[in-house]
Amino acid sequence: MPDSRLAELITRHESDLLQQWMKAIAASGEPRSVLIKPEELKSQCTELLSEIRQGLQRGGRDINGSAWQRTRELLTEISRSRAQQGFSPSATANFVFSLKESIFQRIRTEHASNPSQLAEETWNASTLIDHLGLATMEAFITAREEVIKRQQEAMLELSTPVVKLWDGILALPLIGTLDSARTQVVMESLLQRVVVDSTDVVIIDITGVPTVDTLVAQHLLKTVTAARLMGTDCIISGIRPQIAQTIVHLGVDLTSVVTKSSLADAFKIALARRELMVVKKRSGSSAASANPGVI
Amino acid sequence: MTLLKTETLAIRSETDVVLIRQAVRRLCIEQGFSLVEQTKFVTATSEIARNTLEYGGGGEAALETHLEGLRKGVRVVFVDQGPGIPDLEQAMRDGFSTGGGMGHGLGGAKRLVEHFQITSQVGAGTTVSIARWK
Amino acid sequence: MERIPILQMGEFLIVSIQVDMHDRLALTLQDDLTTRISVTNAKGVLIDISALEIVDSFIGRMLANISSMALILDAQTVVTGMQPAVAITLVELGLSLPGIKTALNVERGMTLLRQAMSSAAPTLHTDDADDPPED
């Protein structure tokens, strides 16, 4: 049900409300507020106040309704930019809450003669602004979480480099603990590289993985299977004796996977698969090297 | 949580299964899913749509896009008025037998999506709902 | 009726799947291939799926069936060009398509087919148990 009273109030006193709101924001003493230029702040306040008015006119005070979508989007934009500029969640929410003072003052003036009306309007305006403030907080927190997630992904990419050992041979040295999310990222980037580099053999080295539990083993198996489906072989290397024991105890079936204890051994096999051979160069005198060394 | 839009498609023939795959793919792209996320979700859609056609005798699918805060989601609800599935647990466990037996493929589809819900009543029909959020 | 074209190159049959197949089209392909293998006495079949963005259990089973039927008719099958996202999804679905040879692209696929056809060659990309893990 559209709320015309509050909307009307805002319409009639829009510029006054804006002025007082911006004064309240300035008075809040938030140190980072210098990061926002006065014109930008004014345009944010103007737009938000206008959206609030329209939201009230279109759809009443339930800010979760579709009539308030533009308003919610605007709050999200403002929150995000505050978050990126380093504002705290409270400071961002206070941007919205400081609108209360000016609106309450208006309401007091308008309904001075009618206490029950005054109380009702004040309550309505208060809960509305509370909800908007909370929505701002939520958007802020989500924006922060997105930043963290992006940073985590960037870290993940850095910590799982795919290395080309030779034409057609890739190595993936895994370091640290493997969790579900990380393994997904690793798997996807590895398989992309496989296509781009036309890889015949991938060596997944787990020397740097401290523990292997069932989940990790399953993830490794999935990666190997996916690579195989694409036409590439996998060798798992760097299996320490303790890990070998764990795998057997867990009952994980690695019999279909080639495993080697060292990356070097795995590389030898990879070369053999590609029908490549490492040959020692002959030195000047024929006595010095009877046969070229063959791996 | 806001429902952004919804579209219902009939599942009456094999070509419908392809059409639903393509429609769901479009929604996934709209909602910003990565390629792998899209592929998994569309494949799950294909599995369940085929199920609806072959076990449910045909039905329909409601394709929805949602917005919750900043998270975007795609949800598909498959409904049929077919014979229903007598043993849901068994159906969920049915793997893909290499011998060519069909299996329901539901267990596999479940692993491909974030939210999976199935209700079925013998003689009345089956409803499967799958969703993924970004 | 629409069909997926099957090309012949000497002893090989080559199929490149470019469309999002509905089930009947897939079954038609299965039938057509089996017939062509028999008629042409082909020794190798290469199915390129690099354009397929979705491979669900039905298509997966179709590929497995083609491979098995071809083998009975004494022809090797290689599936080439599976996209990473598709591979990841198939694994998650629980389909590892054992017994199907795969290769990254058509060129490698042909090499693999020729090797597989000469009996002495090692088979590189199967899930068969005849590749014992080396220690």
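Not measured: the values here are computed from a predicted model.

Rules behind the numbers
Residues numbered from 1 in each chain as written. Chains lettered and ligands numbered in written order. Predicted model: local features only at pLDDT ≥ 70, side-chain atom pairs only at ≥ 80, totals over all residues. Helix = DSSP H or I, 4+ residues; strand = E, 2+ residues; numbered from the N terminus. Buried ≥ 20, exposed ≤ 12 C-beta atoms within 10 Å, placed from the backbone. Contact = placed C-beta atoms within 7 Å. Axes fitted to C-alpha atoms, helices over the stretch in contact; angles between N-to-C directions. Parallel < 35°, antiparallel > 145°, perpendicular 65-115°, else oblique. Left-handed = near helix turned anticlockwise from the far one by under 90°. Pairing = 2+ DSSP bridges. Right-handed = clockwise from strand over helix to strand, strands pointing away. Core = buried A, V, L, I, M, F, W, Y, C linked by C-beta atoms within 7 Å. pLDDT = per-residue confidence, 0-100. Nonpolar A, V, L, I, M, F, W, Y, C, P; charged D, E, K, R; others polar. Expected span 1.5 Å × (residues − 1).

### What to know about the overall build of chain B
For step 1, the next point in the chain: The number of helices and strands found in chain B is four helices and five strands.
For step 2, the next point in the chain: The linear arrangement of helices and strands in chain B, starting from the amino end, is β-α-α-β-β-α-α-β-β.
For step 3, the next point in the chain: Structurally, chain B occupies a C-alpha span of about 40 × 30 × 25 Å along its principal axes.
For step 4, the next point in the chain: With 134 residues in all, chain B has 41% of them scored as buried.
For step 5, the next point in the chain: If you take every contact in chain B between residues at least 6 apart in sequence, the share linking residues at least 24 apart comes to 63%.

### Quick notes on the packing of helix H9 (residues 214-230) of chain A against helix H3 (residues 84-93) of chain C
For step 1, the next point in the chain: Two numbers describe how H9(A) lies on H3(C): the axes approach to 9 Å, and their chain directions differ by 130 degrees. Here H9(A) lies oblique to H3(C), going by the angle between them. As H9(A) runs across H3(C), the sense of the crossing is right-handed. The segment H9(A) lies against H3(C), with A:Lys222, A:Thr225, A:Ala226, A:Leu229 and A:Met230 engaging C:Pro84, C:Ala87, C:Ile88, C:Leu90 and C:Val91.

### Thoughts on the sheet that holds strand E5 (residues 125-133) of chain B
Residues and elements named next belong to chain B.
For step 1, the next point in the chain: Taken in spatial order, the five strands of this open sheet run E1-E2-E3-E5-E4, and their pairing is antiparallel. This sheet does not close on itself; its edge strands, each paired only once, are strand E1 (2-11) and strand E4 (115-121). Neighbour-to-neighbour, the strand axes of the sheet open up by a mean angle of 10 degrees, direction not taken into account.
For step 2, the next point in the chain: Here ten bridges tie strand E2 (residues 59-68) to strand E3 (residues 71-80), and the two strands are oriented antiparallel to one another. Its bridge partner lying in E3, Glu64 is registered against Arg75.
For step 3, the next point in the chain: Across the sheet, helix H2 (residues 35-54) is in contact with E1, E2, E3 and E5; its angle to E3 comes to roughly 15 degrees.

### Quick word on the pairing of strand E4 (residues 233-237) of chain A
Residue and element names in this part refer to chain A.
For step 1, the next point in the chain: A large share of E4 lies buried, amounting to five of its five residues.
For step 2, the next point in the chain: Burial along E4 is two-sided: the residues Asp233, Ile235 and Ser237 and Cys234 and Ile236 are all buried.
For step 3, the next point in the chain: By the bridge criterion, five bridges tie strand E3 (residues 201-208) to E4 in an arrangement that is parallel. Opposite Ile203, over in E4, you have Ile235 as the bridge partner.
For step 4, the next point in the chain: Crossover E3 to E4 through H9 is right-handed.
For step 5, the next point in the chain: The parallel pair E4 and strand E5 (residues 258-260) is bridged by helix H10 (residues 241-250), and the resulting crossover is right-handed.

### A closer look at the nonpolar core
For step 1, the next point in the chain: Residues A:Val202, A:Ile203 and C:Ala87 are the most contacted members of the largest nonpolar core, which totals 105 residues.
For step 2, the next point in the chain: With eight residues, the single largest contributor to this core is H9(A).
For step 3, the next point in the chain: For A:Ile203, the residues in contact, after removing those within four places along its chain, are A:Ala171, A:Ile235, A:Ser237, A:Leu263, A:Ala266, A:Phe267 and A:Ala270.
For step 4, the next point in the chain: Within the second largest apolar cluster, 29 residues are counted, among which are A:Ile52, A:Leu56, A:Ala135 and A:Phe140.

### Considerations on the confidence of the model for chain C
For step 1, the next point in the chain: On average, residues of chain C score 88 in pLDDT, and 87% of them are at 70 or above.
For step 2, the next point in the chain: For this predicted complex, the interface confidence comes out at an ipTM of 0.87, alongside a pTM of 0.71.

### Overview of the interface of chain C and chain A
For step 1, the next point in the chain: Between chain C and chain A, the contact holds 18 residues from the first and 21 residues from the second.
For step 2, the next point in the chain: It is H3(C) that contributes the most residues to the side of chain C that touches chain A, five residues altogether.
For step 3, the next point in the chain: Partitioned by chemical class, the residues of the side of chain C that touches chain A number eleven nonpolar, four polar and three charged.

### Focus: the interface of chain B and chain C
For step 1, the next point in the chain: At the interface, 22 residues of chain B touch 19 residues of chain C.
For step 2, the next point in the chain: Those elements giving two or more residues to the side of chain B that touches chain C turn out to be helix H1 (14-30), H2 and helix H4 (106-112) of chain B.
For step 3, the next point in the chain: Broken down by element, the residue count for the side of chain B that touches chain C peaks at nine residues, all from H2(B).
For step 4, the next point in the chain: Grouping the constituent residues of the side of chain B that touches chain C by class yields seven nonpolar, nine polar and six charged.

### Some remarks on helix H4 (residues 106-117) of chain C
For step 1, the next point in the chain: Between its first and last C-alpha, H4(C) extends 16 Å over twelve residues, near the 16 Å set by a 1.5 Å rise per residue.
For step 2, the next point in the chain: Contacts made by the buried residues of H4(C) are with strand E2 (12-16), strand E3 (44-48), strand E4 (76-80) and strand E5 (101-103) of chain C.

### Quick word on the packing of H2(B) against H3(C)
For step 1, the next point in the chain: Between H2(B) and H3(C), the shortest axis-to-axis distance is 9 Å and the interhelical angle comes to 45 degrees. When the axes of H2(B) and H3(C) are compared, the pair comes out oblique. In this structure, H2(B) meets H3(C) at a crossing whose hand is right-handed. Side by side, H2(B) and H3(C) meet where B:Leu35, B:Val36, B:Thr39, B:Lys40 and B:Thr43 of the first sit next to C:Ala85, C:Val86, C:Ile88, C:Thr89, C:Glu92 and C:Leu93 of the second.
For step 2, the next point in the chain: Here the contact of H2(B) with H3(C) is composed, by residue class, of six nonpolar, three polar and two charged.

### A few points about unusual backbone geometry
For step 1, the next point in the chain: Non-glycine residue A:Glu275 carries a positive phi angle of around 55 degrees.
For step 2, the next point in the chain: For C:Asp74, which is not a glycine, the phi torsion comes out positive at approximately 65 degrees.
For step 3, the next point in the chain: For C:Asp74, the location among the structural elements is in the loop between helix H2 (57-72) and E4.
For step 4, the next point in the chain: The exposure class assigned to C:Asp74 is exposed, which follows from the 12 C-beta atoms found within 10 Å.

### A word on the environment of A:Gln184
For step 1, the next point in the chain: Mapped onto the secondary structure, A:Gln184 falls in helix H8 (residues 180-196).
For step 2, the next point in the chain: Measuring from C-alpha to C-alpha, the distance between A:Gln184 and A:His219 comes to 8.2 Å, with 35 residues separating the pair along the chain.

### Side note on helix H3 (residues 38-59) of chain A
In an α-helix, one turn spans 3.6 residues, which is why side chains three or four residues apart end up on the same side.
Residues and elements named next belong to chain A.
For step 1, the next point in the chain: The first and last C-alpha atoms of H3 sit 31 Å apart over 22 residues, in line with the 32 Å expected at 1.5 Å per residue.
For step 2, the next point in the chain: Where H3 is buried, its residues meet helix H1 (4-12), helix H2 (14-27) and helix H4 (69-85).
For step 3, the next point in the chain: Positive backbone phi, approximately 75 degrees, marks Gly60, located one or two places after H3.

### Some points on the confidence of the model for chain B
For step 1, the next point in the chain: Residues of chain B with pLDDT of at least 70 account for 92%, and the chain-wide mean is 88.
For step 2, the next point in the chain: Note that residues 96-102 of chain B has pLDDT below 50 and, in this model, eight contacts with residues that lie over four places away or in other chains.

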